[in-house]
Amino acid sequence: MDSLTMLTLVVGAIFYTIATVMYVLGILRIDDAFVAQARRFLLLGGVGQLLNIGTHCIDGFHPLMDVSGALNLIGLIVVGGYLATTIKFKLTTTGALISPLALVTFLAAAMVPHSAVEDLQNGSMMLGKLHLVLIALGVSAFALAAAISTVYLLQESALKHKRVALFGGQSMALMTLDTLARRFVLVGFPIFTMAVVTGYLWMKRTEAMAFRFEHLIAACVWLMFAGVISLRQITGLRGRKAAILTVSGFCAIGVILTLYFLRRVIAG
Amino acid sequence: MSLLVTGCNFRSAPIEIRETLSVSSQNLAVELEKLRERESLKEWIILSTCNRVEVYADVIDPMLGALGVQDYFASRCADIAELQRHLYRYEGEEAVRHLFRVASSLDSLVVGEAQISGQVKEALHVALTKGVAGKVLHGYFQRAFNVAKRVRTETEIARHHASVPSVAIELVGRVFENYEPLSVMIVGAGEMAELAVQHLIGRGVSRIRIANRGYDRACALAERVSASAIEFSSMTDHLSWADVIVCSTGSASPILTRLELVDAMKRRKQRPLVIVDIAIPRDVEAEVRDLENVFLFDIDDLKQIVSENLRARQKEAEKAEQLIEKDIAEFHQWLTQQNAVPVIRELRSRFTQVVKQEAERAAKQMGINGGQERKLFETMTDAIVNKLLHVPTVNLKHSVAEDSDEDLVAATCKLFGLDEPALSESIANEDSPHKGNHET
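Quantities reported herein were computed from a predicted structural model and do not represent experimental measurements.

S.K.: Give a description of the interface of chain B and chain A that names residues and reports values.
M.R.: Every contact between the two is made by 23 residues of chain B and, on the other side, 24 residues of chain A. Here chain B meets chain A over a buried area of about 2,000 Å², counting both sides, of which 53% is carbon and sulfur. Counting the contacts that link chain B with chain A gives 2 salt bridges. A:K241 is paired through a salt bridge with B:E292; the nearest N and O atoms lie 3.6 Å apart. Linking chain B to chain A there are 10 residue pairs in polar contact (both at pLDDT 80 or more). Of all the secondary-structure elements, those providing two or more residues to the side of chain B that touches chain A are helix 8 (164-175), strand 10 (294-298) and helix 12 (299-365) of chain B. Partitioned by chemical class, the residues of the side of chain B that touches chain A number 10 nonpolar, 3 polar and 10 charged.

S.K.: Give a detailed account of the sheet that holds strand 10 of chain B, specifying residues and quantitative values.
M.R.: Residue and element names in this part refer to chain B. One open sheet accounts for 6 strands, arranged 7-6-5-8-9-10; its pairing is parallel. The sheet is open, and its two borders are formed by strand 7 (228-231) and strand 10, each paired with just one other strand. Geometrically, the sheet is characterised by an average inter-axis angle of 20° between neighbouring strands, direction not taken into account. One ladder, built from 4 bridges, connects strand 6 (residues 207-212) with strand 7; its direction is parallel. Looking at strand 7, one finds that A211 is bridged to I230. This element, helix 10 (residues 215-225), spans strand 6 and strand 7 of the sheet and lies at about 155° to strand 6.

S.K.: Go over the sheet that holds strand 3 (residues 52-59) of chain B, please, and point to the residues and values.
M.R.: Residue and element names in this part refer to chain B. Strands sit in the order 2-3-1-4 across an open sheet of 4 strands; the sheet is antiparallel. Each having just a single partner strand, strand 2 (41-49) and strand 4 (88-91) make up the two edges of the open sheet. Pairs of neighbouring strands in the sheet enclose a mean axial angle of 15°, with direction left out of account. Bridging between strand 1 (residues 3-9) and strand 3 involves 7 bridges; their strand directions are antiparallel. The residue of strand 3 that forms the bridge with T6 is V55. Each of strand 1, strand 2, strand 3 and strand 4 touches helix 5 (residues 92-103); the most contacted strand, strand 4, lies at about 110° to it.

S.K.: Any chance you could break down the packing of helix 5 of chain B against helix 7 (residues 135-154) of chain B for me, citing the residues and the numbers?
M.R.: Residues and elements named next belong to chain B. At their nearest, the axes of helix 5 and helix 7 sit 8 Å apart, and the two run at 50° to each other. In terms of their interaxial angle, helix 5 and helix 7 are classed as oblique. Crossing angle aside, the handedness with which helix 5 passes helix 7 is right-handed. Here V96, L99, F100 and A103 of helix 5 come into contact with helix 7, specifically with Y140, F141, R143, A144, V147 and A148. Across the contact of helix 5 with helix 7, the residue classes tally to 9 nonpolar, no polar and 1 charged.

Conventions we followed
- Residues numbered from 1 in each chain as written.
- Chains lettered and ligands numbered in written order.
- Predicted model: local features only at pLDDT ≥ 70, side-chain atom pairs only at ≥ 80, totals over all residues.
- Heavy atoms only, no water.
- Contact = heavy atoms within 4.5 Å.
- Buried area = accessible area lost by both parts, 1.4 Å probe.
- Salt bridge = Lys/Arg side-chain N within 4 Å of Asp/Glu carboxyl O.
- Polar contact = N/O pair within 3.5 Å; in protein donor to acceptor, adjacent residues only side chain to side chain.
- Helix = DSSP H or I, 4+ residues; strand = E, 2+ residues; numbered from the N terminus.
- Nonpolar A, V, L, I, M, F, W, Y, C, P; charged D, E, K, R; others polar.
- Pairing = 2+ DSSP bridges.
- Axes fitted to C-alpha atoms, helices over the stretch in contact; angles between N-to-C directions.
- Parallel < 35°, antiparallel > 145°, perpendicular 65-115°, else oblique.
- Left-handed = near helix turned anticlockwise from the far one by under 90°.

This is the structure we're talking about:
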């Protein structure tokens, strides 16, 4: 890793860390002014991550080439999507989940060595790139939905247990959180569907790629989110159950990404 | 500081005494006029609320002023001896502290309540209109409003709701972002139910149905609050319609069961439902709490939240007290500094006059009428005055600012034959450095 790449990595990671701390302090209401600062540091962290991607591009590794690039892209889209959403919605508590998530994807991307995904040289470059970009977008939307759903679960539990002082003034009403999470799932699901399809087609075209456990999990994730959307329409599934399903779906995605990460790191 | 406060509040006097002394808004102007006969009062304001009756006055002599106000109170109360036991009196800095605390709602029955600010402003307005309050009290009260505004913005004293109905409405807001599109069903038509309806209407709710065992009472309440009445027997049919249900009947047993609500939630397609049960005995079965997307709050829950909120307000009140103390210290320093300013101004004017006169005479004798030489003379006279007065000016300002030593001011006035400034004129000074947006 050259010095510029290292610099952007360190600076971006520091900003993400500070943003996380400030969001937590804002939630604990030590000083509400921390919340405004937290957004700024999150934005700066995103800029650092973007510059980091730029340095990789200069070195010949653009983000749609491998797992490292895809992880970086996911982190960046999640941060951008969150900040854009906060223009209209007060999602302080969600920020405390988004900033560490961005930090983790950033550091994970740095740890994964660059290697072109197998068989991109076999002429499946466009399909592979399409799959990666769709995965990045779909997973980012699900990440935002999961973060908001997590906040929903925490707030709902606090309200049910009469711990009213918690989160007071730092987040939206439960119905708004539920609606936002649903919208991100609705946005992410078709993208994720196309990602699964392109992934399947890519797998078919490249005989070198064998069926993996992650593919099975991806299918389960697809079914979970399809279930969330359908049941909402049919039976009115919403609130706590929908939030649990959304979070579970994203956790399953987390397992997939972790397997890809471990595989790349071990392969070196 | 020339401010005097005399009166009683909910801590110092029982309601019987406060009732006797209280002044309605219709009679306020008349009562203000009665204080005109009292000695030593230059300006005065009567503040009468359900928790206090106080007279704020700018006085010539604090002792005489206090006697005058007590005399006024005594004229309104048969048992003077009893009255004396319950009146308090604050002068000078203590009076300013009391005024600041009252305006900031720190002396209120519910700390952080919002009504007192408006009540104090109204009292000032009436007194100013009547012509019994002037620049001095206006200056003190405007300062109090500034402090109250700072207390509200720099602390969270007003943030947490402190009454059962307002807490209930806040809890509804934790589930639903907007109140306007909500459908609300009120079960019961008593006082608490009406209070809850008024709070909801205040938040923009317009779709309200009222159910009560006595249909007539439901209709009467519905008419008062522009809602619609429904038969009590058909209440369960409306459960799926309502987003918020407020129960406040006198029923001995629950009127809403878990089974009914399970069915209602199915019909509502699991849209969230908030139930506020302020009845004792409870109107809603406790098992309802466990239903998904149903948020049930009974009277104990609400009281617990109110008590937590009041504790939180008390903590913020401590911060507010520190803020007030700091402001009083700054205010006192500014007032004493103002004492020195007119003296310095007068001294400078005196010196300048003398030096200019002598310079004029010398210029005439030397035949200097204009031009460069004249200008030189004028520059010289200014320089003489500045140099002579530089050290006394600095010492005067320093002595009042750092040492609060007003004796030096008095000594300077005596030494040079100047008029001592009236302290009260300082507070009425238009050059107050803290003048700004005084309205909270």
